[in-house]
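Survey of secondary and tertiary structure
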Amino acid sequence: MIPLLEIRDLHVRFKIFEGELKVLNGVDMVIGEGEKVGLVGETGCGKTTTMKSVLHVLPIPPAKISGGEILYRGKDILKMKPGEIRRLRKGEMSAIFQDPLAALNPVFTVGHQLRDVIKYSLITQGRENLSKEEISAQSITVLKETGMPDSERILSNYPIQLSGGMRQRVCISEALSAAAKLLMADEPTTNLDVTIQAQILRQLNELVEKRRISILLISHSLGVVRKVTERVYIMYAGNVVETARTKDLFADPLHPYTKALLKSVPKLTGEGISQGIRGRIPNYLNPPSGCRFHPRCDHAMPMCEGERPAAFIVGDNHTVACFLYKR
Amino acid sequence: MNPLSEEILTVENLKKFFVTKQGTVRAVDNISFSIKEGETCGLVGESGSGKTTVAHTIVGIYEPTEGRVSFKGQSISKVFSQRPKNLKKDIRIVFQDPGSSLNPRRSIKQILEVPITVHRTYSNKDRLGRVMELLTMVELPPEEYLYKSPQAIGGGEKQMVAIARALATNPSFVVLDEPTSALDVSVQAKIINLLMHLQKNLNLTYLFITHDLSLMRNIASRVAIMYLGKICEVASTVDFFQNPFHPYTKMLLSSIPTVSDDEEDLKPQEVISRGEIPSPVNVPPGCSFHLRCPEKMEICSQVDPTMVNIREGHVVRCHLWQGTGNV
């Protein structure tokens, strides 16, 4: 596997009135070329912050990247000049944001926005002399690829005239027409119905495979991640606690948090619902010392409070940040 | 749950239309069902299918356009303001979004006192005691939460306060309108456990509205599926998940993202979902599902099917099963 994106020990803090929120606390992550990776965690665990750091769109200040590096093909994004980052965003990587209505501009038609994206991303890729007709044709093609019915008519509509599933398809086609290498999808199906969700995920999967794009799928839904990805990262309170091949992780979760999370998901087998996880996600102003999960953990040991567990290798491609697995 | 127990709520041919500029929205179109005492009836459907309208009509927020709703033999097809006070006390509701259903300017104590004061169930002297009792019931320590404002507590805790408010008047029937859809799975598990525990202790009957079928599998005793204002299929939970008959139910079940292989085996053969939910303003003629149905026939676009009792307690509204009595 050739790494496309490598995040090493990333620390992000937010400055607020009361002090500093220590949100990301040393995130490590690798995405290989053409790989489908999932990032799972509950609300407020830093999934979106991670993605925004990679795209370099965090509001700085209040945010502050206080440590670590993000390597894209071996080059540190954090040290790039603004122009270089812009070129990267235009031609190499793109994102699908959580709320499609907020991501689309309400005063321009869908076609207008889509043509803009195509025009500027193609210019970056060195194809400057495109005629208007070619761009229009291209915009219809990308929209059709996502399974949008009646694409020609949709192009002259405003975002507000479309349903949630259709808006999401517009966002996907915008992202795909810019992404040559890496696509980051932040909860792309969260506010959609299950039947529409199944459609969108299927089409996203087909497109990504056809174009050999790497995808980072961010979601709180374990089921969605299991369906799409090959490898998965589990995040809790700004730390990656476990990573493994998707198949291995769902068959044999090891970290106490992953186990508890999987048990909390209601299952079709009707085996009842577990008690959930006691306590709640820590306050980032004064996060617990050591392992951030220890106040809620059933297996907490004295050493958990003292130091942060490193990622221990437990198997092929499987690491767990928990002292229970220290050899 | 005694199968011979009495029917506590019956809905017959309920219709609720809304007149808008674009035309009449047929939010709920001729549905009938009943709920027995002590059971948890699940009402499942995608967004816009009319689940919440049904809930609001039962509680009295809307007046039905046509049809009859009766509770313990008494007709309640009236709006809230015209209902006898003892009925209002008996039917309570928990709303979807705990953030907007609690007044941010009141303390939790004040919020919980309102229903007690209005219904005069406790004397002024005992009121505080009752509030404390309610908070203990939903597992929030009273001394810690009594004087907090809703903004100061987490989403799961807010929903627990909303549940306590619903229980303040000792109701026998509670409508739960997607009580956990805005929450993380680990918090959802806690709330569901609490609700099940309360049901057993206080002998409550629930109408549980949700879009999450895996959740229904674990808690409901009977499930009804709604699509575009009409009920497609009603069955007891086990029967429903083992032998779904309606093509929409099959599509819905096969679209659920799951987290284990055991669950995968329980799903019906994959039905590829396609199309979007039509707008309820112009519902297609005939069966409203025929535009997306993989097993569509001639007749489906012309005649609206009627409810057929396939076997004891299993009702389906589809032309495929029309005229087949007991299968």
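Residues numbered from 1 in each chain as written. Chains lettered and ligands numbered in written order. Predicted model: local features only at pLDDT ≥ 70, side-chain atom pairs only at ≥ 80, totals over all residues.

It is worth spelling out the sheet that holds strand S2 (residues 19-32) of chain A at this point. Residue and element names in this part refer to chain A. With antiparallel pairing, the 4 strands of this open sheet are ordered in space as S2-S1-S4-S5. One side of each edge strand has no neighbouring strand; the edge strands of this open sheet are S2 and strand S5 (75-76). Of the pairings in the sheet, the one linking strand S1 (residues 3-16) to strand S4 (residues 63-72) comprises 8 bridges and is antiparallel in character. Each bridged residue has a counterpart across the sheet, and for phenylalanine 14 the counterpart in S4 is alanine 63. (Pairing = 2+ DSSP bridges. Helix = DSSP H or I, 4+ residues; strand = E, 2+ residues; numbered from the N terminus.)

As a further point, take the interface of chain A and chain B. Contacts between chain A and chain B engage 35 residues on the former and 34 residues on the latter. At the level of elements, helix H8 (194-211), helix H9 (222-228) and helix H11 (256-264) of chain A are the ones that each hand at least two residues to the side of chain A that touches chain B. Considering only residue class, the side of chain A that touches chain B consists of 13 nonpolar, 16 polar and 6 charged. (Contact = placed C-beta atoms within 7 Å. Nonpolar A, V, L, I, M, F, W, Y, C, P; charged D, E, K, R; others polar.)

What follows concerns the domain arrangement of chain A. Residues and elements named next belong to chain A. When its domains are assigned, chain A resolves into domain 1 (3-92 + 185-325) and domain 2 (108-178). Put simply, the middle of domain 1 and the middle of domain 2, counted by C-alpha atoms, are 30 Å apart. Facing the 12 residues of domain 1 at the interface are 13 residues of domain 2. Of the residues forming the side of domain 1 that touches domain 2, the biggest block, 6 residues, is contributed by H8. Here the residues of the side of domain 1 that touches domain 2 are counted per class, giving 6 nonpolar, 4 polar and 2 charged. (Domains from an automatic or database assignment.)

Moving on to the sheet that holds strand S1 (residues 7-20) of chain B. Residue and element names in this part refer to chain B. Pairing is antiparallel across the open sheet formed by 4 strands, whose spatial order is S2-S1-S4-S5. A single partner strand is all that each edge strand has here, and the edge strands are strand S2 (23-36) and strand S5 (74-75). Across 11 bridges, S1 lies against S2 in antiparallel orientation. In the sheet register, threonine 10 faces S2, and the bridge partner there is serine 34. The sheet strands contacting helix H1 (residues 51-59) are S1, S2 and strand S4 (66-71), and the helix crosses S2 at an angle near 65°. (Axes fitted to C-alpha atoms, helices over the stretch in contact; angles between N-to-C directions.)

This part is about the environment of proline 159 of chain A. All names here are of chain A. With respect to the helices, strands and loops of the structure, proline 159 is situated in the loop between helix H6 (151-154) and helix H7 (164-178). Assessed through the 21 C-beta atoms surrounding it within 10 Å, proline 159 is described here as buried. Discounting residues that sit within four places of it in the chain, proline 159 has contacts with Leu101, Leu104, Pro106, Val110 and Arg167. (Buried ≥ 20, exposed ≤ 12 C-beta atoms within 10 Å, placed from the backbone.)

A few words now on the packing of H7 of chain A against H8 of chain A. Residue and element names in this part refer to chain A. For the pair H7 and H8, interaxial distance at closest approach is 11 Å and the crossing angle is 10°. In this view, H7 runs roughly parallel relative to H8, as classed from their interaxial angle. Regarding H7 and H8, the two cross each other, and that crossing is right-handed. The residues of H8 that touch H7, namely those facing Gly165, Gln168, Ile172 and Leu176, are Ile196, Ile200, Leu204 and Leu207. When grouped by side-chain class, the residues that make up the contact of H7 with H8 number 6 nonpolar, 2 polar and no charged. (Parallel < 35°, antiparallel > 145°, perpendicular 65-115°, else oblique. Left-handed = near helix turned anticlockwise from the far one by under 90°.)

Cis geometry is adopted by the peptide bond preceding proline 61 of chain A, which originates at isoleucine 60 of chain A and carries an omega value of -20°. Mapped onto the elements, proline 61 of chain A comes out in the loop between helix H1 (47-55) and S4. Cis geometry is found at the peptide bond from proline 61 of chain A to proline 62 of chain A, where omega equals 5°. Relative to the helices and strands, proline 62 of chain A resides in the loop between H1 and S4. Phi is positive for lysine 72 of chain B, close to 50°, though the residue is something other than glycine. For lysine 72 of chain B, the location among the structural elements is in the loop between S4 and S5. Note on lysine 72 of chain B: 16 C-beta atoms within 10 Å, which makes it partly exposed. Although it is not a glycine, asparagine 203 of chain B adopts a positive phi angle of roughly 55°. Its location among the elements puts asparagine 203 of chain B in the loop between helix H8 (185-202) and strand S8 (205-210).

Residues and elements named next belong to chain A. Bridge count for strand S11 (residues 312-315) against strand S12 (residues 318-320) is 3 bridges, and the pairing is antiparallel. Within S12, the position partnered with isoleucine 313 by the bridge is threonine 319. Hairpin connection between S11 and S12: a loop of 2 residues separates the two successive antiparallel strands, and asparagine 317 in this loop has a positive phi of roughly 65°.

Residues and elements named next belong to chain B. An ideal rise of 1.5 Å per residue puts 20 Å on 14 residues; helix H5 (residues 124-137) measures up with 20 Å between its terminal C-alpha atoms. Along H5, the residues that are buried comprise Val131, Leu134 and Leu135. Along the axis of H5, the buried residues cluster in a sector spanning 95°; they form a single face. Relative to its buried face, H5 has exposed residues pointing more than 90 degrees away, namely Lys125, Asp126, Gly129 and Thr136. Its buried side turned inward, H5 meets helix H4 (108-119), helix H6 (142-145) and helix H7 (155-167). Looking one or two residues beyond H5, the residue adopting positive phi is glutamate 139, at roughly 60°. (Expected span 1.5 Å × (residues − 1). Arc of directions from axis to C-beta.)

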